[in-house]
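Listed below, chain by chain, are the residues.
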Amino acid sequence: MRSIWNGAISFGLVSIPIKLVNATESHSISFRQIHLADGGRVRYRKVCELDGEEVSGAEIGKGYEEADGSVIPITDEDLAQLPLATAKTIEIMSFVPADEIDPLQMDAAYYLAANGATAAKPYTLLREALKRSRKVAIAKFALRGRERLGMLRVVDDVIAMHGLLWPDEIRVPEGVAPDVEVTVRDAELDLADALMATLGEVELASLHDDYRDAVEAMIAAKAGGAFEPAEATVEPAGGQVIDLMAALEKSVRAAKASRGEGGDRGSGEAAEGGAESGAEAEVTPMRRRGGAGRKTSAAPKAVGGKKSTAASAKKTAAAAKTTSKKKSTTAKSTTTKAGTGKATATRSGTTKSTAAKSTSASSTKKAGTAAGAKKAATPRKRASA
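To keep things clear, this report deals only with the structure shown in the data block.

Calculation notes
Residues numbered from 1 in each chain as written. Predicted model: local features only at pLDDT ≥ 70, side-chain atom pairs only at ≥ 80, totals over all residues. Heavy atoms only, no water. Core = buried A, V, L, I, M, F, W, Y, C linked by side-chain atoms within 4.5 Å. Buried < 20%, exposed > 50% of the residue type's maximum accessible area, 1.4 Å probe, protein only. Helix = DSSP H or I, 4+ residues; strand = E, 2+ residues; numbered from the N terminus. Contact = heavy atoms within 4.5 Å. Expected span 1.5 Å × (residues − 1). Polar contact = N/O pair within 3.5 Å; in protein donor to acceptor, adjacent residues only side chain to side chain. Axes fitted to C-alpha atoms, helices over the stretch in contact; angles between N-to-C directions. Parallel < 35°, antiparallel > 145°, perpendicular 65-115°, else oblique. Left-handed = near helix turned anticlockwise from the far one by under 90°. Nonpolar A, V, L, I, M, F, W, Y, C, P; charged D, E, K, R; others polar. Phe/Tyr/Trp six-rings, centres within 6.5 Å; stacked < 30°, edge-to-face > 60°. Salt bridge = Lys/Arg side-chain N within 4 Å of Asp/Glu carboxyl O. Pairing = 2+ DSSP bridges.

### Focus: the nonpolar core
For step 1, the next point in the chain: Ranked by size, the top nonpolar core spans 20 residues in total, and within it Ile 9, Ile 18, Ile 90, Leu 112, Leu 152 and Met 161 carry the most contacts.
For step 2, the next point in the chain: Among the elements of the structure, strand E1 (3–11), strand E2 (14–22), strand E5 (89–97), strand E6 (106–114), helix H2 (120–133), strand E7 (135–143) and strand E9 (158–164) are those that each provide at least two residues to this core.
For step 3, the next point in the chain: When residues in this core are grouped by element, the largest group, 4 residues, is from E7.
For step 4, the next point in the chain: The contacts of Leu 112, once residues within four sequence positions are left out, are Ile 9, Ile 18, Lys 19, Leu 20, Ile 90, Tyr 123, Leu 152, Val 158, Ile 159 and Met 161.

This is the structure we're talking about:
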């Protein structure tokens, strides 16, 4: 990493040569201003207000504008003559507990790197001293022409420095807090605590800029000539009157559902506000456990009407076949009876002929249904004749 400042840490009589390196970087996507008619880039030109001419960088200097509008020129030589003890030094003034530093004061962050082999020992000494004391160092340093306040602390095995705003640069929050008297109930605080406990902690390393990803994807799509903007879902802004208890209860249930936790049906908040999202969280598991089996067994009943209609048609066809068979059987029986009648009439003639006819009728029955029907039908015609 490229250093932006070289100097030394003044730790009492110990001087530690260091290099200042930016600890953060911006990943925001920047855009250029262009002329919509032809896509040409639009640039700003520095023009003198008095003569209207464009001024180059070499002709531009510093000036302080007073209340009456008059400007006092200030040169770099003027600034260089000012006594600035911290021009090339980070001067440690004291060590304080970290919780005494108001986060509102924190500004840009830097890494301090040991500059050279001779700086390794005092650098390590300061780092270990900060670790063991569990304190941070308050220091002064000068950067970009002005003196600043800084806080040194240990990050892993590196000394980091946070730029701090001066105490008088922190504004008093007058008129920011609600100016109406509000009473918060214990039940609301309990639900807020439950929501905080349900949300739990998050790994900061897992967080990323979704909007930046969307912008990059949009740029890539437009570069390829295929871009269809999606309609963003915008949540309604403030100004709505909401039921705070109901909103907290729904938030707790939604947080539990997102983490795969079951709702607490015995709690008062679930019993009071579980008609919406709580119902969804409970019905889905019930279907998975027992509802699927019951629906599978009951499925034939649901379509039983259609199956019964088809079965009815089959039964009707089968009944028709059975009826035709019965008619055929009746015809066979009638024929057989006619044969029997003939045998009885013959019996009055000769006993031998009756025995022969009986033997013939018996063999006719065994011969088969179709053949027997044909043979039995012939004597029936003769008998009627």
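### Side note on unusual backbone geometry
For step 1, the next point in the chain: One non-glycine residue, Arg 134, lies in positive phi territory at about 55°.
For step 2, the next point in the chain: Among the structural elements, Arg 134 can be located in the loop between H2 and E7.
For step 3, the next point in the chain: Judged by its relative accessible area of 73%, Arg 134 falls in the exposed class.
For step 4, the next point in the chain: At Asp 156, a residue that is not glycine, the phi angle is positive and equals roughly 60°.
For step 5, the next point in the chain: By the element assignment, Asp 156 lies in the loop between strand E8 (146–155) and E9.

### Topic: helix H4 (residues 210–223)
For step 1, the next point in the chain: Between its terminal C-alpha atoms H4 stretches 20 Å, which fits the 20 Å expected from 14 residues at 1.5 Å a residue.
For step 2, the next point in the chain: Where H4 begins, the side chain of Asp 209 points an oxygen toward the backbone nitrogen of Tyr 211, at a separation of 3.1 Å.
For step 3, the next point in the chain: Downstream of H4 by one or two residues, Gly 225 has phi in the positive range, about 85°.

### Here we look at the packing of helix H3 (residues 186–199) against helix H5 (residues 244–258)
For step 1, the next point in the chain: Remark: H3 packs on H5, axes separated minimally by 9 Å, with the N-to-C direction vectors making an angle of 20°. With respect to H5, the element H3 is oriented roughly parallel. The handedness of the crossing between H3 and H5 comes out as left-handed. Across from Ala 187, Glu 188, Leu 191, Ala 192, Ala 194, Leu 195, Thr 198 and Leu 199 in H3, the residues of H5 making contact are Leu 244, Met 245, Leu 248, Glu 249, Ser 251, Val 252, Ala 255 and Lys 256.
For step 2, the next point in the chain: Looking at the contact of H3 with H5, its residues break down into 11 nonpolar, 2 polar and 3 charged.

### A few points about the packing of aromatic side chains
For step 1, the next point in the chain: According to the stated counting rule, one finds 1 aromatic pair in the structure shown.
For step 2, the next point in the chain: Centroid distance Phe 11 to Phe 95: 6.0 Å. Interplanar angle 75°. Geometry classified as edge-to-face. Here Phe 95 lies in strand E5 and Phe 11 lies in strand E1, a separation of 84 residues in the sequence.
For step 3, the next point in the chain: Exposure remark for Phe 11: the relative accessible area of 24% places this residue in the partly exposed category.

### Considering the pattern of salt bridges
For step 1, the next point in the chain: One pass over the full model with this rule turns up 7 salt bridges.
For step 2, the next point in the chain: Between Asp 76 and Lys 62 there is a salt bridge; the shortest N-O distance is 2.9 Å. Pair noted here: Asp 76 is in helix H1 (residues 76–80) and Lys 62 is in strand E3 (residues 62–65), with a separation of 14 residues, a long-range link.
For step 3, the next point in the chain: With its nearest N and O atoms 3.9 Å apart, the salt bridge here joins Arg 212 to Glu 216. Linking Arg 212 with Glu 216, this pair stays in helix H4, spanning 4 residues, or about one helical turn.
For step 4, the next point in the chain: Here the salt bridges share partners, and the residues they tie into one network are Arg 127, Glu 128, Lys 131 and Asp 157.

### Some thoughts on the side chain of Gln 105
For step 1, the next point in the chain: Structurally, Gln 105 can be placed in the loop between E5 and E6.
For step 2, the next point in the chain: Residue contacts for Gln 105: discarding those within four places in its chain leaves Leu 149, Gly 163, Leu 164, Leu 165, Trp 166, Pro 167 and Ile 170.

### Observations concerning the sheet that holds E9
For step 1, the next point in the chain: One closed barrel holds the 7 strands; their spatial order is E1-E2-E6-E9-E8-E7-E5, and the pairing between them is mixed. In this sheet, neighbouring strand axes are inclined to one another by 40° on average, regardless of whether the strands run parallel or antiparallel.
For step 2, the next point in the chain: As paired elements, E7 and E8 share 7 bridges and run antiparallel to each other. The residue of E8 that forms the bridge with Leu 143 is Arg 146.

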